[in-house]
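Next come the chains, spelled out residue by residue.
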Amino acid sequence: MSSALRRYQGMEPQLGKRVYIDPASVVIGDVGLGDDCSVWPMTVIRGDMHRIRIGARTSVQDGSVLHITHASDFSPDGFPLTIGDDVTIGHKAILHGCTLGNRILVGMGAIVMDGVVVDDEVIIAAGAVVTPGKHLESGYVYAGNPAKPLRPLKEKERAFFPYTAGNYVKLKDRFLAEVSR
């Protein structure tokens, strides 16, 4: 197992096919990454007290932190972290115990907190803070602190979701080819 991948309490990260995890990142415990995912430098994904599931073709960019909410008297079931397919998570984003659907762009430095549910096809603007328990409906750009709907998505933005996911798949493939030399 790579030093970026760490077992914790008998659980070790499970990787789909063609996954790239940068050696300068850390993925711990009960974490599942779908096919063609990429995890870039200085990212921390901690499935130490609950599970994290990340769908296919999702990229987690540099310096991001992905964690969960453990079960306790304050949160009896806790909150796992679930991320769908074709999600691009910008640099230094924080995702904590939330659920993200498919085809989402999480902007740089955005924070998405416990119990948040984000429907498919949403943009969370750079620096936005999505407060606990919020539901972000499909088809909008959300911005601000606290995050609020800014405007409906444009067709060009909807087309960007598969483009950016595919672009990161191509980039991670180049990194994987470099590593295998």
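One structure accompanies this document, and this report is about it. What you see is a predicted model; the values in this text were computed from it and never measured.

## Examining the overall build of the protein chain
- Counting its secondary structure elements, the protein chain contains one helix and 20 strands.
- Against the 2.2 N^0.38 benchmark of 16 Å for 181 residues, the protein chain shows a C-alpha radius of gyration of 16 Å, consistent with a compact globule.
- Dimensions of the protein chain, computed from C-alpha atoms along their principal axes, come out at roughly 45 × 45 × 20 Å.
- Per-residue burial over the protein chain gives 48% buried out of 181 residues.
- Considering only contacts in the protein chain between residues 6 or more positions apart, those separated by 24 or more positions represent 23%.
- On the protein chain, roughly 8900 Å² of surface is accessible, and the fraction owed to carbon and sulfur atoms is 56%.
- Each charge class in the protein chain was averaged separately, 20 positive and 20 negative side chains, and the resulting centres sit 5 Å apart.

## Some remarks on the nonpolar core
- By size, the foremost hydrophobic cluster in this structure holds 36 residues, and its most contacted members are Leu33, Leu66, Ile89, Leu95, Val106 and Ile124.
- Mapped onto this core, the elements with two or more residues apiece are strand E4 (26-33), strand E6 (44-54), strand E9 (81-83), strand E13 (104-106) and strand E16 (122-124).
- In this view, Val106 contacts Thr88, Ile89, Gly90, Ala93, Leu95, Leu100 and Ile124; residues no more than four positions away in its chain are not counted.

## Here we look at the sheet that holds strand E3 (residues 20-21)
- Spatially, the eight strands line up as an open sheet ordered E3-E5-E7-E10-E13-E16-E19-E20, and their pairing is mixed. Here the strands that pair on one side only, and so sit at the sheet edges, are E3 and strand E20 (148-152).

## Digging into the environment of Ala56
- Take Ala56: it is sitting in the loop between E6 and strand E7 (59-60).
- Judged by its relative accessible area of 14%, Ala56 falls in the buried class.
- Expressed as a C-alpha distance, the spacing of Ala56 and Asn102, which sit 46 residues apart in the sequence, is 9.5 Å.
- Contacts of Ala56, omitting those with residues within four sequence positions, involve Gly34, Asp35, Cys37, Gly84, Asp85 and Asp86.

## Description of the pairing of strand E19 (residues 140-143)
- Bridge count for E16 against E19 is two bridges, and the pairing is parallel. Among the inter-strand pairings, Ile124 is bridged to a residue of E19, identified as Tyr142.
- Two strands pair when backbone bridges link them, and E19 and E20 are joined in this way by four bridges, in the antiparallel orientation. Paired with Tyr142 across the two strands is Pro149, which belongs to E20.
- Taken together, E19 and the strand that follows it, E20, pair antiparallel across an intervening segment of four residues, in which Gly144 is found at a positive phi of about 100°.

## Remarks on the packing of aromatic side chains
- The full count for this structure, using the stated rule, is six aromatic pairs.
- The interplanar angle of 65° and the centroid separation of 6.2 Å between the aromatic rings of Tyr140 and Tyr142 together place this pair among those described as edge-to-face.
- Residue classification places Tyr140 among the partly exposed residues on the basis of a relative accessible area of 31%.
- You can call Tyr142 buried: its relative accessible area is 5%.
- Where Phe160 meets Tyr163, the ring centres are 5.7 Å apart and the plane angle is 40°; that geometry is what we call tilted. Residue Phe160 and its partner Tyr163 are located together in helix H1 (residues 155-179), separated by three residues, close to a single helical turn.

## Observations concerning the pattern of salt bridges
- Per the stated rule, a full pass over the model turns up 12 salt bridges.
- Residues Arg103 and Glu121 are paired through a salt bridge, measuring 3.0 Å at the closest nitrogen-oxygen approach. In this pair, Arg103 sits in the loop between strand E12 (99-100) and E13 while Glu121 sits in the loop between strand E15 (117-118) and E16, placing the two residues 18 residues apart along the sequence.
- Look at Arg103 and you get partly exposed, because its relative accessible area is 27%.
- Salt bridges here are not isolated pairs; linked through shared partners, they connect Arg103, Asp120, Glu121, Glu155 and Arg158.

What counts as what
Residues numbered from 1 in each chain as written. Predicted model: local features only at pLDDT ≥ 70, side-chain atom pairs only at ≥ 80, totals over all residues. Heavy atoms only, no water. Helix = DSSP H or I, 4+ residues; strand = E, 2+ residues; numbered from the N terminus. Rg over C-alpha atoms; globule rule 2.2 N^0.38 Å. Buried < 20%, exposed > 50% of the residue type's maximum accessible area, 1.4 Å probe, protein only. Contact = heavy atoms within 4.5 Å. Areas by Shrake-Rupley, 256 points an atom, 1.4 Å probe, with all protein chains shown as cover. Lys, Arg positive; Asp, Glu negative; His and termini not counted. Charge placed at Lys NZ, Arg CZ, Asp CG, Glu CD. Core = buried A, V, L, I, M, F, W, Y, C linked by side-chain atoms within 4.5 Å. Pairing = 2+ DSSP bridges. Phe/Tyr/Trp six-rings, centres within 6.5 Å; stacked < 30°, edge-to-face > 60°. Salt bridge = Lys/Arg side-chain N within 4 Å of Asp/Glu carboxyl O.

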